[in-house]
Amino acid sequence: MKILRPISILMSCLMLTANAAAQISLTPPGTDTPPAADKPAAKPKAKPPAVAKKPPAPAATAKPAPPVAAPVATVAPASAPDDPNADLVYGAYQRGQYKTAFDLASKRAQDFSDPKAMTMLGELYANAMGVKRDYAKAADWYKRAADGGDREGMFALAMLRLGGRGGSVNREEAVKLLASSAKLGNPKAAYNLALLYLDGQTLPQDLKRAAELLRVAADAGNPEAQYALATFYKEGTGVPKDVDKAVRLLQAASLADNVDAEVEYAIALYNGTGTPKNEAAAVALLRKAAKQNNPIAQNRLARVLLSGQGATMDKVEALKWHIIAKTAGKGDPTLDEALAALSPEDRAKAQDGARIWLGNK
């Protein structure tokens, strides 16, 4: 089940406070790496460029806490485990029986003033599940749930207030709701509140407070917060610089399928930075991230396959991933040069492979 996505804000404030981002290169022993082009905007807003030096070997992009999407998607309303009737509502929702979930939740909200059922109704209205989308009704149900003490309702209403859905934008109310939800242990609320402290517009910029909130969310298993906090530790933003802690957080986030963390953790594994060196595991992670359409991973994988260090050399496969990354805006003049000598037959194979991949996206 999808969860409510976090708010969209400018994250370039990290670059303003740090001046320059720390960088890690994926340089195989005895070689340097070539200059790499800037990472394209696979996600919104500014990210520092990747830097490297000579023959084809991957280099990493150290980034600020991840920019995130606008508040629209879904929130997972928690069921009450001690109440079989509430479980019926949540069970119907999980099975995609949204009309049934709506009817059951409506009855519970009316008969028992159940705040979790109210959050469910807000969820269904906000996402057009079993009913026509209606942000005003969603906001009304979320507010009733929030007034009843439901942390998911508080969080969902905060996101609507920030996005101006179901009513006018109300950042002050949103901040209070996020703070209340975070205090009740909602990691998504803690993460989004941290972003507001980073942004420095809705709230005064406070990197230390942002780091504290990210730690709360990271400890609760939120992968976006784990990745963001890893960047803090890597760069010494709001916390003492600690590469080992950064890598442990990257590992946790990558295990939760955060693609940016997968790329950064792969680079740490390849170089043995903050963790024992493991090129095979690094390349496996790069492959996984490349298949998730991350252009940085695609570019780094192409370099590894070309160099044959950490993986079996495969110039055709290297060119395929280079073409795919280049299509996404991640050009690499050094790879252009190195792969120009491929035979027409091998070049045609690589181009066909890239065409098939891009056609299946």
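Refer to the preceding data block for the structure.
The structure contained in this document is the topic of the report that follows. (Residues numbered from 1 in each chain as written. Predicted model: local features only at pLDDT ≥ 70, side-chain atom pairs only at ≥ 80, totals over all residues. Heavy atoms only, no water.)

1. Digging into unusual backbone geometry
Put simply, the rule is: Each helix is a run of H or I in the DSSP string that is no shorter than four residues. Each strand is a run of E no shorter than two, and both are numbered from the N terminus.
Although it is not a glycine, Asp257 adopts a positive phi angle of roughly 70°. In this structure, Asp257 sits in the loop between helix H11 (243–255) and helix H12 (259–271).

2. A few points about the pattern of salt bridges
The following threshold applies: A pair is scored as a salt bridge if a Lys or Arg side-chain nitrogen falls within 4 Å of a carboxyl oxygen belonging to Asp or Glu. Only protein chains enter the accessibility calculation, which uses a 1.4 Å probe. A residue is then buried if its area is under 20% of the maximum for its type, exposed if over 50%, and partly exposed in between.
Counting across every chain of the model gives 18 salt bridges. For Lys320, the salt bridge identified is with Glu317, shortest N-O distance 3.3 Å. Here the residue Lys320 and the residue Glu317 both occupy positions in helix H15 (residues 315–327), the gap between them amounting to 3 residues, near one helical turn. Relative accessible area serves as the criterion here: at 14%, Lys320 is assigned to the buried category. Through salt bridges with shared partners, a single network forms among Asp257, Glu262 and Lys288.

3. Section: the packing of helix H3 (residues 98–112) against helix H4 (residues 115–126)
Condition: For helices, the fitted axis covers only the stretch in contact; all axes are lines through C-alpha atoms, and the angles between them, taken along N-to-C directions, range from 0 to 180 degrees. Here the angle decides the label: under 35 degrees means roughly parallel, over 145 means roughly antiparallel, 65 to 115 means roughly perpendicular, and every other value means oblique. It is the rotation of the near helix from the far one that decides the hand of a crossing: anticlockwise by less than a right angle makes it left-handed, clockwise makes it right-handed. We call two residues in contact when some of their heavy atoms are within 4.5 Å. Any residue outside Ala, Val, Leu, Ile, Met, Phe, Trp, Tyr, Cys, Pro, Asp, Glu, Lys and Arg is labelled polar, Gly included; the first ten of those are nonpolar and the last four are charged.
Contact geometry of H3 with H4 gives a least axis separation of 8 Å together with a crossing angle of 140°. Classed by the angle they form, the pair H3 and H4 counts as oblique. Where H3 crosses over H4, the two elements pack in a sense that is left-handed. Contact residues: H3 offers Tyr98, Ala101, Phe102, Ala105, Ser106, Arg108 and Ala109, while H4 offers Ala117, Met118, Met120, Leu121, Leu124 and Tyr125. Counted by class, the contact of H3 with H4 contains 11 nonpolar, 1 polar and 1 charged residues.

4. Overview of helix H8 (residues 187–199)
Note the threshold: Here the expected span of a helix is defined as 1.5 Å times the quantity of residues minus one. In protein, a polar contact requires one atom able to donate a hydrogen and another able to accept it; more generally it is a pair of N or O atoms within 3.5 Å, and residues adjacent in sequence count only if both atoms are side-chain atoms.
Here H8 is 13 residues long and its end C-alpha atoms lie 18 Å apart, about the 18 Å a rise of 1.5 Å per residue gives. Most of H8 is tucked away: 13 of the 13 residues are buried. The residue sitting at the N-terminus of H8 and contributing the capping side-chain oxygen is Asn186; that oxygen lies 3.0 Å from the backbone nitrogen of Lys188. Following H8 by one or two positions, Gly200 has its phi on the positive side, about 75°.

5. Examining the environment of Arg303
For Arg303, the position within the fold is in helix H14 (residues 295–307). Taking the relative accessible area as the measure of exposure, Arg303 reaches 0% and is therefore buried. C-alpha separation for the pair Arg303 and Ala318, spaced 15 residues apart in sequence, amounts to 6.8 Å.

6. Observations concerning the packing of aromatic side chains
Given two aromatic rings, one states the distance between the centres and the angle between the planes to describe the pair. For the record, the criterion: Two rings from Phe, Tyr or Trp (for Trp, the six-membered ring) form a pair when their centres sit within 6.5 Å of each other. Planes less than 30 degrees apart are called stacked, planes more than 60 degrees apart edge-to-face, and all others tilted. Throughout this description, the term charge over a ring refers to an Arg CZ or Lys NZ atom that lies within 6 Å of the ring centre and within 35 degrees of the ring normal.
Overall, the coordinates contain 4 aromatic pairs when judged by the stated rule. Plain terms: the ring middles of Trp321 and Trp357 are 5.2 Å apart, the flat faces sit at 65° to each other, and that makes the pair edge-to-face. Here Trp357 lies in helix H17 (residues 344–360) and Trp321 lies in helix H15, a separation of 36 residues in the sequence. Taken together, the aromatic side chains of Tyr90, Tyr93 and Tyr98 make up a single cluster linked through ring pairs. Cation over ring: Arg144 sits above Trp141, and NZ or CZ is 4.3 Å from the ring centre. Its guanidinium or amino end placed over the ring of Tyr135, Arg165 lies 5.8 Å from that ring's centre, counting from NZ or CZ.

7. Comments concerning H15
Between its first and last C-alpha, H15 extends 18 Å over 13 residues, near the 18 Å set by a 1.5 Å rise per residue. Considered for burial, the residues of H15 that qualify are Ala318, Leu319, Lys320, Trp321, His322, Ile324 and Ala325. In this structure, the buried side of H15 is in contact with helix H13 (279–291), H14, helix H16 (333–339) and H17. By the N-cap criterion, in which a side-chain oxygen at the helix start approaches the backbone nitrogen of a residue two or three places on, H15 is capped by Asp314, the distance to Val316 being 3.3 Å.

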